[in-house]
Amino acid sequence: MKKFINDPENLTSELLEGLALSNPDIVSLEDGNLVVNKKLKDADRVTIVTLGGTGHEPAISGFVGEGMIDISVAGNIFAAPGPQSCVEAIKMADKGHGVLFVVLNHAGDMLTGNLTMKQVKKLGIKVAKVVTQEDVANAPRSNADDRRGLVGCIPLYKIAGAAAAQGKSLEEVAEIAQRFADNMATIAVACVGATHPATGMEIANIEDGMMEVGMGQHGEGGGGSMPLKSADETAVIMMDALLKDLDVKSGEKLMVIINGSGATTLMEQLIVFRKCHKYLAEKGIEVVASHVGELLTVQETAGFQMFIARMDDELTALWNAPCRTPYYRN
């Protein structure tokens, strides 16, 4: 493992400090590893809180700011934070209009999320929780509670954040966020696994010349091991799985995101997106929103996540609304 780091024990604190120092007009770093929107103090609206382990940069804290997340509660590398930090974040975020609490479906995050909800309800804070669980590889849509949360959290932050910025109620923001969550799907592929940046431990081993379709966020197997294929062949395999999962028909409109996992070049990602766009056009499916680039990474994993979501005019307008965060701006 070759990384430019200092004491592994300080990885999380140092990277969060670097994020705050490099974006002093957008975010601040508060006690408990809370990355806070600098404009939060003036927010007269629904606010948004989320949580997650570090090591996936720019996710999740890189999307704190105007029009997206108000507070990100950061855990240690690949680990969820404790519930007390989340409770403090929700108390800080609440401006009298309620708080949307977004949780990715991973065991540690869900445990913290559920404990947090119990505590904030006792405090009388109005909070709505939305869980992202869009990985098609490890469970069918009929058993969505077992699906992992992947890159889908990022466009959900954008859409929910825009809805909140428009002054919608907590019920309305939560309904929009849930509708989007219910109509999104992701599948990942990798040909080289990552190491844990604190220990150097290999967290996924993929045989040379092979790729794993359906790999989870932290190197979990997806049951899709096969010889490495071309960009076009890989794109079709993955897109077919997503279209089948969402039962997408000709005439529908989609968001498509290619999210680099850490060691896959933008060149490769753009080539994959090109095939996706052409393949969908052949099926009479229109791409109305898109992004290509690194949003949620897993250190030096070589691979990408392919994400689609069913769109309508309202969701498209929310996606296109202004925002300003360290790593995504409209």
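This text goes with the structure placed above it.
Worth saying up front: this structure is predicted, and the values here are computed from it rather than measured.

Enquirer: Would you take a moment to explain the packing of aromatic side chains for this structure?
Expert: How two aromatic rings sit relative to each other is set out by the distance from centre to centre and by the angle between their planes. Evaluation of the coordinates by the stated rule reveals two aromatic pairs. Ring geometry for phenylalanine 180 versus phenylalanine 307: centroids 6.2 Å apart, planes at 40°, classification tilted. Of this pair, phenylalanine 180 sits in helix H5 (residues 170–182) while phenylalanine 307 is found in strand S12 (residues 302–310), placing the two residues 127 residues apart along the sequence. Phenylalanine 307 carries the same exposure label as phenylalanine 180, and that label is buried. A centroid spacing of 5.6 Å and a plane angle of 40° characterise the contact between tryptophan 319 and tyrosine 328, whose relative ring orientation is tilted. Side by side, tryptophan 319 and tyrosine 328 carry an identical accessibility label, which is buried.

Enquirer: I would appreciate a short explanation of the nonpolar core in the present structure.
Expert: Note on soluble globular proteins: their nonpolar side chains tend to be buried together. If you look at the biggest cluster of nonpolar residues, it comprises 51 residues, and the most contacted ones within it are Leu100, Ile154, Tyr157, Phe180 and Met255. When residues of this core are traced back to their parent elements, those giving at least two are helix H1 (11–22), strand S5 (99–104), strand S6 (127–132), helix H4 (153–165), H5, strand S10 (253–260), S12 and helix H8 (313–320). Among the elements that take part in this core, H4 stands out by supplying nine residues, more than any other. Not counting residues up to four positions away in its chain, the partners in contact with phenylalanine 180 are Gly152, Pro155, Leu156, Ile159, Met255, Phe307, Ala309, Met311 and Leu315.

Enquirer: Just checking my understanding: could you explain H8 for this structure?
Expert: Counting along an α-helix, one turn takes 3.6 residues, and residues three or four places apart therefore face a common direction. Among the residues of H8, Leu315, Thr316, Leu318 and Trp319 are the ones counted as buried. End-on view of H8: buried residues confined to an arc of 160°, all on one side of the axis. On the buried face of H8, the contacting elements are H4, H5, S10, strand S11 (286–293) and S12.

Enquirer: Would you mind going over the side chain of glutamate 134 with me for this structure?
Expert: In this fold, glutamate 134 is placed in the loop between S6 and H4. Despite its burial, glutamate 134 pairs with no opposite charge; the closest candidate is arginine 147, at 8.1 Å N-O. Only 3.2 Å separates the side chain of glutamate 134 from the backbone nitrogen of leucine 150, close enough to count as a polar contact. At 2.6 Å, the side chain of glutamate 134 and the backbone nitrogen of glycine 152 are in polar contact. Those residues in contact with glutamate 134 that sit more than four places away from it in its chain are Arg147, Arg148, Gly149, Leu150, Val151, Gly152, Met184, Ala185, Thr186 and Phe307.

Enquirer: Got a minute to help me understand unusual backbone geometry in this structure?
Expert: A negative phi holds for most residues other than glycine; trans holds for most peptide bonds. Residue proline 58 is reached from glutamate 57 by a cis peptide bond, and omega for that bond is 15°. Inspection of the secondary structure puts proline 58 in the loop between strand S3 (47–54) and strand S4 (71–77). The omega angle of the peptide bond from alanine 59 to isoleucine 60 is -5°, so this bond is cis rather than trans. Here isoleucine 60 lies in the loop between S3 and S4. Phi at phenylalanine 78 is positive, roughly 60°, even though this residue is not glycine. Here phenylalanine 78 shows up in the loop between S4 and helix H2 (83–93). Backbone geometry at glutamine 299 places phi at a positive 55°, although glycine is not the residue there.

Enquirer: Sorry, what's going on with the pairing of S4 here?
Expert: Taken across its seven residues, S4 has six buried, putting it largely inside the fold. Across three bridges, strand S2 (residues 34–37) lies against S4 in antiparallel orientation. Paired with leucine 34 across the strands is valine 73, a residue of S4. Where S3 and S4 come together, six bridges link them in parallel fashion. For threonine 50, the partnering residue across the bridge sits in S4 and is serine 72.

Enquirer: Sorry, what's going on with the pattern of salt bridges here?
Expert: Where charged atoms from two side chains of opposite charge come close, those side chains can pair. Per the stated rule, a full pass over the model turns up 15 salt bridges. Across the salt bridge formed by lysine 91 and glutamate 88, the nearest N and O atoms sit 3.4 Å from each other. Taken together, the residues lysine 91 and glutamate 88, both in helix H2 and three residues apart, mark about one turn of the helix. The class for glutamate 88 is partly exposed, based on a relative accessible area of 35%. Close ionic contact of aspartate 247 with lysine 249 constitutes a salt bridge, the shortest N to O distance being 2.9 Å. Taking relative accessible area as the criterion, aspartate 247 reaches 45% and is therefore assigned partly exposed. Judged by relative accessible area, which is 46%, lysine 249 ranks as partly exposed. Three or more residues joined by partner-sharing salt bridges are found here, namely Glu175, Arg179, Asp312 and Glu314.

Parameters at a glance
Residues numbered from 1 in each chain as written. Predicted model: local features only at pLDDT ≥ 70, side-chain atom pairs only at ≥ 80, totals over all residues. Heavy atoms only, no water. Phe/Tyr/Trp six-rings, centres within 6.5 Å; stacked < 30°, edge-to-face > 60°. Helix = DSSP H or I, 4+ residues; strand = E, 2+ residues; numbered from the N terminus. Buried < 20%, exposed > 50% of the residue type's maximum accessible area, 1.4 Å probe, protein only. Core = buried A, V, L, I, M, F, W, Y, C linked by side-chain atoms within 4.5 Å. Contact = heavy atoms within 4.5 Å. Arc of directions from axis to C-beta. Lys, Arg positive; Asp, Glu negative; His and termini not counted. Salt bridge = Lys/Arg side-chain N within 4 Å of Asp/Glu carboxyl O. Polar contact = N/O pair within 3.5 Å; in protein donor to acceptor, adjacent residues only side chain to side chain. Pairing = 2+ DSSP bridges.

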